[in-house]
Each structure stands twice: as C-alpha cells, then as structure tokens.
Amino acid sequence: SDDVCLFLQQTFDKILIANRGEIACRVMKTCKKMGIQTVAVHSEVDSSAVHVKMADEAVCVGPAPTNKSYLNMDAIMDAIRATGAQAVHPGYGFLSENKEFAKRLAAEGVTFIGPDTQAIQAMGDKIESKLIAKAAKVNTIPGFDGVVKTAEEAVKIAQDIGYPVMIKASAGGGGKGMRIAWNDEETREGFRFSSQEAASSFGDDRLLIEKYIDNPRHIEIQVLADKHGNALWLNERECSIQRRNQKVVEEAPSTFLDPVTRQAMGEQAVQLARAVQYSSAGTVEFLVDSKKNFYFLEMNTRLQVEHPITECITGLDLVEQMIRVAKGYQLQHKQQDIPINGWAIETRVYAEDPYKSFGLPSIGWLSQYQEPLNLSNVRVDSGIQEGSDISIYYDPMISKLVTYGATRGEALARMEEALDNYVIRGVTHNIPLLREIITHPRFISGDINTNFLPEVYPEGFKGHQLEEDKRRELVASAVALHITAQLRSQKVLGNLRVSSTPVECNHWELCVELGERRHVADVTKSGNIYTVEVDGNKVEISGEWNLASPLLPLRINGKHRMLQFKLRVLSKLAAELNSYMPEKVAEDTSSILRSPMPGTVVAVSVKPGDTVAEGQEICVIEAMKMQNSLTAVKQAKVKSVHCKPGETVGEGDLLIELE
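Residues numbered from 1 in each chain as written. Predicted model: local features only at pLDDT ≥ 70, side-chain atom pairs only at ≥ 80, totals over all residues. Heavy atoms only, no water.

**A few points about the overall build of the protein chain**
Part 1: Counting secondary structure elements, the protein chain contains 18 helices and 38 strands.
Part 2: Expected size for 659 residues packed as a compact globule is a radius of gyration near 26 Å; at 27 Å, the protein chain falls within 12% of this value.
Part 3: With respect to the principal axes defined by its C-alpha atoms, the protein chain has extents near 80 × 80 × 55 Å.
Part 4: By the burial criterion, 52% of the 659 residues in the protein chain qualify as buried.
Part 5: Within the protein chain, contacts between residues separated by at least 24 positions form 63% of all contacts whose residues are at least 6 apart in sequence.
Part 6: Carbon and sulfur atoms make up 51% of the accessible area of the protein chain, which totals about 29000 Å².
Part 7: The averaged location of the 87 negative side-chain charges in the protein chain is 1 Å from the averaged location of its 73 positive side-chain charges. (Helix = DSSP H or I, 4+ residues; strand = E, 2+ residues; numbered from the N terminus. Rg over C-alpha atoms; globule rule 2.2 N^0.38 Å. Buried < 20%, exposed > 50% of the residue type's maximum accessible area, 1.4 Å probe, protein only. Contact = heavy atoms within 4.5 Å. Areas by Shrake-Rupley, 256 points an atom, 1.4 Å probe, with all protein chains shown as cover. Lys, Arg positive; Asp, Glu negative; His and termini not counted. Charge placed at Lys NZ, Arg CZ, Asp CG, Glu CD.)

**Some points on the packing of helix α6 (residues 117-124) against helix α7 (residues 126-135)**
Part 1: Orientation of α6 relative to α7, taken along the N-to-C sense of each, is 100°, at an axis distance of 5 Å. Here α6 is positioned roughly perpendicular relative to α7, judged by the angle of their axes. Side by side, α6 and α7 meet where Q121, A122, M123 and G124 of the first sit next to K126, E128, S129 and I132 of the second. (Axes fitted to C-alpha atoms, helices over the stretch in contact; angles between N-to-C directions. Parallel < 35°, antiparallel > 145°, perpendicular 65-115°, else oblique.)

**Quick notes on the pairing of strand β34 (residues 617-623)**
Part 1: For β34, the buried fraction is high: 6 of the 7 residues fall into the buried class.
Part 2: In this sheet, β34 lies alongside strand β32 (residues 599-604) in antiparallel orientation, the contact comprising 4 bridges. By the bridge assignment for β34, V604 is matched with C619.
Part 3: As judged from the 6 bridges shared by β34 and strand β35 (residues 626-631), these two strands associate in the antiparallel manner. Opposite C619, over in β35, you have L630 as the bridge partner. (Pairing = 2+ DSSP bridges.)

**A short note on helix α2 (residues 21-33)**
Part 1: The first and last C-alpha atoms of α2 sit 19 Å apart over 13 residues, in line with the 18 Å expected at 1.5 Å per residue.
Part 2: α2 sits mainly inside the fold: 10 of its 13 residues count as buried.
Part 3: G21, E22, I23, A24, C25, R26, V27, M28, T30 and C31 are the residues of α2 that are buried.
Part 4: Following α2 by one or two positions, G35 adopts a phi angle in the positive range, close to 75°. (Expected span 1.5 Å × (residues − 1).)

**Concerning unusual backbone geometry**
Part 1: Residue P164 is reached from Y163 by a cis peptide bond, and omega for that bond is -5°.
Part 2: Here A252 and P253 are connected by a cis peptide whose omega angle stands at -5°.
Part 3: Looking at where P253 falls in the secondary structure, it is placed in the loop between β12 (246-252) and α10 (259-275).
Part 4: Of note in this structure, N557 is not a glycine but carries a positive phi near 45°.
Part 5: Turning to its location among the elements, N557 is positioned in the loop between β28 (552-556) and β29 (559-563).

**Details of the pattern of salt bridges**
Part 1: Inspection of the entire model under this criterion finds 44 salt bridges.
Part 2: Residue K14 pairs with E57 through a salt bridge whose shortest N-O separation is 2.5 Å. One end of the pair, K14, is in strand β1 (residues 14-17); the other, E57, is in strand β3 (residues 57-60), with 43 residues separating them in the sequence.
Part 3: Since its relative accessible area comes to 16%, K14 is described here as buried. (Salt bridge = Lys/Arg side-chain N within 4 Å of Asp/Glu carboxyl O.)

**A few points about the packing of aromatic side chains**
Part 1: If you walk through the whole model with that rule in mind, you get 11 aromatic pairs.
Part 2: Summarising the aromatic geometry, the rings of F358 and Y457 are spaced 6.3 Å apart at their centres and angled 55° between planes, so their arrangement reads as tilted. Taken as a pair, F358 in the loop between β16 (352-353) and β17 (360-361) and Y457 in the loop between α16 (452-456) and α17 (468-493) lie far apart in primary sequence, 99 residues in all. Like F358, the residue Y457 is buried in the burial classification. (Phe/Tyr/Trp six-rings, centres within 6.5 Å; stacked < 30°, edge-to-face > 60°.)

**A short note on the domain arrangement of the protein chain**
Part 1: On domain assignment, one finds that the protein chain holds domain 1 (2-113), domain 2 (143-211), domain 3 (217-456), domain 4 (468-489 + 505-580) and domain 5 (592-658).
Part 2: With centres defined by C-alpha atoms, the gap from domain 4 to domain 5 works out at 44 Å. (Domains from an automatic or database assignment.)

**Observations concerning the sheet that holds strand β10 (residues 217-225)**
Part 1: A sheet is described by the order of its strands in space; here 8 strands give the open sequence β14-β13-β10-β11-β12-β15-β22-β20, paired in antiparallel fashion. For this open sheet the edge positions go to β14 (294-300) and β20 (378-382), each flanked by a neighbour on one side alone. In this sheet, adjacent strand axes meet at a mean angle of 25° when their direction is disregarded.
Part 2: Where β12 meets strand β15 (residues 343-350), 4 bridges bridge the pair, whose relative direction is antiparallel. Each bridged residue has a counterpart across the sheet, and for V249 the counterpart in β15 is T347.

**As for the sheet that holds β28**
Part 1: Spatially, β29-β28-β27-β26-β25-β24-β30 is the arrangement adopted by the 7 strands of the open sheet, whose pairing is antiparallel. The open sheet terminates on both sides in strands that have one partner only, identified here as β29 and β30 (568-571). On average, adjacent strands in this sheet sit at an angle of 35° to one another, irrespective of strand direction.
Part 2: As defined by bridge partners, strand β26 (residues 529-534) adjoins strand β27 (residues 537-543) across 6 bridges and the pair is classed as antiparallel. Bridge pairing in β27 links V532 to V539.

**Structural notes on the pairing of strand β11 (residues 231-243)**
Part 1: Across the 13 residues that make up β11, a large majority, 13, are buried.
Part 2: Relative to β11, β10 runs antiparallel, the two sharing 6 bridges. In the strand pairing of β11, L224 is matched with L232.
Part 3: Hairpin connection, β10 to β11: the antiparallel pair is bridged by 5 residues, and G229 has positive phi, about 85°.
Part 4: One ladder, built from 4 bridges, connects β11 with β12; its direction is antiparallel. Each residue of the ladder has a partner; that of E238, found in β12, is E251.

**Here's the deal with the nonpolar core**
Part 1: If you look at the biggest cluster of nonpolar residues, it comprises 37 residues, and the most contacted ones within it are I398, L401, Y422, I424, I437 and F443.
Part 2: Listed in part, the 31 residues of the second largest apolar core include I23, A281, L303 and A326. (Core = buried A, V, L, I, M, F, W, Y, C linked by side-chain atoms within 4.5 Å.)

**What about the confidence of the model for the protein chain?**
Part 1: Looking at the protein chain as a whole, its pLDDT mean stands at 89, while 94% of the residues score no less than 70.
Part 2: In the model, residues 1-7 has pLDDT below 50 throughout and makes 1 contact with residues more than four positions away in sequence or in other chains. (pLDDT = per-residue confidence, 0-100.)

Shown next as structure tokens:
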C-alpha cells in the first residue's frame, strides 16, 4: 500500500523555472524536496548565478536585458523543448502573469504552475477585475473603469470622483505607472506619465482612475484553490510599510485585524477566486481604512514575494501546494485546518541607498557577504553569495530576511538581532533603514499605514540618530579595536619597524571622527579589558577580539553588543595636523544635474538654449524597472546636454548643465 500511496503523490519529473534570483532558488528547494529535477534559465551575465548552480540543468536564453532573456518567450520555449521539462514555474514578475506565455505552454502540452489563462487575463486587467469583484459581492473602491483618451478627460473624471485620485496603468503591477493627484494639474501630469510608463512596461496604455484612500493599510489575503472547486484563505499579511508603492516590511498576521474582519476578508477573497475558477496560490490585495472598511485592490495570480511569512504561521509549503494543484490533486486541507501559529516578519534587504528617497538602486559586487543563519527562527531567501554582482539590469533585492516567534515581540527581537548579524559589504544596502523601522515606537505599537515612511521621516531618512551614551560606546569600541589591531600587527611584524607605540605601552590618547564630531579618547588596557574615557565618561569594554571576523560580539559596560565598523581613528598628532588639510569645495548642484543612480536615459526633454522653469522635467532615467523623473531646481537656461536617450549612465554622471 506504501507503493500505491507513493505512486498517487507523483507530480512531475522535471520542472523549468522561468525566473532568476531568490525566487528561482526558492522554487528549486521545494522541487528538490519533492524529488523533481530542475532546469534553470539564465541571461549571459547570470551564467554563474546561484540559481544556475543550484539547478540540475541550465540553459542560456539571451543577453542581459530582460526583454532579450527572461522575457524572451521564444528562447524559453526552446529551452523547454531541449530539456524535456513537463512543467514551468514562473516565480513572480517576468512572465508569471503573462497570459500569452501560459497559452504557448498549453499549446505545447506543458503544465503552467499557476492559474488558467482566463483567470490570469481576468485578474491581470484592473478594470475587468474590478467588475468581476463587484459581481462577486467583493467591496470595491469608487472609480472610473474604462479607457481614458486625453488629459482633459482624465481631469473631468477625477473631478467627478473627488480628489485625491489614484491614476494607474490598468495592466500594471509592482508599483509601476501609479500616480496620486490632488488637483487638476497633477491629474494632467499623472495621465501623461502613467500612460508612458504603462506603454513601456506593459505594452498597454489603458488607465484606471479611482478614489485615493488616504492613510490606508495594505492588507492582503493569501488564497489557495484546486481544480476541483475547493478554495481556502490562508490568513492575511500586513504590507503597509512601503516606499514608492513597493513593500519593504511585511508581517503575518496583522496587528489590526480582529477575527471577524479577518474572516470577512478571507471569505470575500475566496468568493473572488471562485468567480474566476481560480486554481493555484494567489493573493487578493485589499486597502483597509482606519475604521476597518476594506476595499478590493487587485489580485496577484502568482506566488507573492512575501509568501514565506504565510508559510511560517501556517506550516504550509506554498510552492509544493502549487505543484500539486497544477498536477490535478485536490487540496489536502479544509478551512478549519488552517492555523495562525505565532508571528512572522519579513524585511526586504535591497542593494540601494536608503538615504536617497528611501532607496535608490546601488550596484557593485559583494566583497563580503554573510547571512545570519546561525540564529534560530531565521529564514533567509536569497539568490546571491559572496562575490555575486548586483547589476543594473535586474531588481536590486539581495534577500528576504524572515524571522518568526511565538509572539510579535519575539519575532521583532529576533529580526533586530538578525539585521545586526547580517554582513553585506561592497554595495550600499538598506539594513540601517530596516532596523530603524522595526525598532520605531510607532511600528512596535502597530500604528502604521502606507504613508509610514514619509510621515516618520518627512525630510527623508538620515540614518540612526545616536543618543550620547551610545555614541560614547561606539567611539570607545572603535578605539579599542584600533589598538587591538595595532598591537597585533606589532606582534606579527616583530619590532623591526619604528613603532608608533612602544610594546609595553598600555595607555593611549586618540581621536575619533564620528559624523561631524570629533571625540578625544583616553584609553587604558588591562588584560582583555579596555577602559576608555570619552568626553569625561568611562566606558568598559571586553570580548574576544577576533579581527578576522566582520562581526564583533563585545560586552560594553556589562551589556552584550554586536558591532560592525567603519570609523576613522587618528593619533592626537595626526588629528591636529588633519585640521590643516584643505576642504573639498561642494559642487553647486543648482546649475548641474547629475544622475542620482546608475541607469538608462529614457527621455531628454530639453536642448541647449532652452529655458526651464523650477520643477520642470529635464530628463527621465530608468533604473531597475523604475522610471525616475529628474527636474530643474531653479529657473535657468540650458547650457549643455551630456546624455541622449538609450545611453547608460553611472551614479554621479553629468547629465545637464544650466547657466
């Protein structure tokens, strides 16, 4: 009977994963567990990527740009034929919600691990999906469903609905082509921008205009359905912490929902799934206002980026469920079997500069990379390793860091520890911002909405503001570390060179620069313990001084601390001499426009001799799938233009000079 049971559970022999990065690796892990062979596809620049090494076979599908590789359906179909893959898992993004791709697979007799084409089509169109949702008795947001021809027509519709309104691409997703307008002028501009972005990203310029719900929460329901009419909701995920309409921190469950609201949202999500005969895993996104009214936003007919937190609290492997459903099995669970066990939090770790509009992409190679997997209850979904290259062509996500615990407090404490133990060198990353968010009193109390970041940091994120005692601790640790390194190098090199510190010395005076300020530190060492006097206060530090490790666990005034360093320590003499060094003159940025990030020039809307007004768009740079409009900071005449559409630019490259 065991043999019969095994035979019944068989799914596929070989699956091709039509994706890259962390999600490709994530899908492969489940395939390996299920005994399924895997095929990776990759672009030329990804030939030594982690997902390629992890797969049983790999096929190159074209050059670096996504439209020539990961979106290249002909090449991917060829790879399927060449490897004999019986099914394709598309991950998220790329071809995951492309009905044309699903149709082509069906025509070849290859299983698409996702819903049927008609469900993708119905839910992929924001206008159609809203009509279906209304018919299925799902709460929807008041708005206009249809094609908007001109900016003036957009203005009239916006006035009818009442400001503020959201203008977005009907075929869109992932925060692309969305603009909020508070008046007629912004509606005209939003119409122009959103239709351009929609046409370039989705080849479809239809727009949707709807009432913008101020300060809402973004809460989504995970659904799972089979081909036999069974459908479940697997609780919610709170995804309100966002920047530029893209999620940064997610958690499950939400602190805001009570069991009654949760059930109402779950039941409506399942009603919608049934209305389109949905099968596979999918997500129904809702906006929830302060009074717990919820409105249907859209349905994602694929695996979501943030699916791990649902897996943590339900104990289900969603990829495994998707594969089983695709093969035609019935769901193994009933609604009452779905638990909420504990609490899970996910932070998205990106290669980006959090000090520039909460995160503009950063590129480079990971010179040092160490995930905090030594901690319990930590899961890291990543598709990179030390030495990996973060390139301009793809999403800048480094990993998804997930922690879980019996309570939200436990999950948060573990997240803080995990972020402190995460080593990423070689690219700018957003861990400082993630750490600030999860330790912020407003986040801890659950008082959040989709406007959280601009509300908490109206001037932009400036980094962690150190309290005086923490500042002293940091200075003292840096000094202790500096002396440890000096003593070690003396030991290694013997006393052949002229040493700046005699060997038997155990007292030093040093100077540390931290931010704009300088601190004088008076240090004494006894055994493994340093006593440092900073600004008249004593700090005592002890620990195992392992200089080879990027992480230093120390005891500072009796408290355990985990440290990673980048500080400048000078001797007293050097500090005095340093004050004579000439200062670098700051560039006059009002008359020079430099690219804030690496990317591609999409449009240049001025030429030499033109006069531009303050705030006027000068050019548009596209980086990692986002379009960024660069504007003039003052009224001026254009002196010279140093870029043209289609050109690749680096961070800091000169684009335009004004007179």
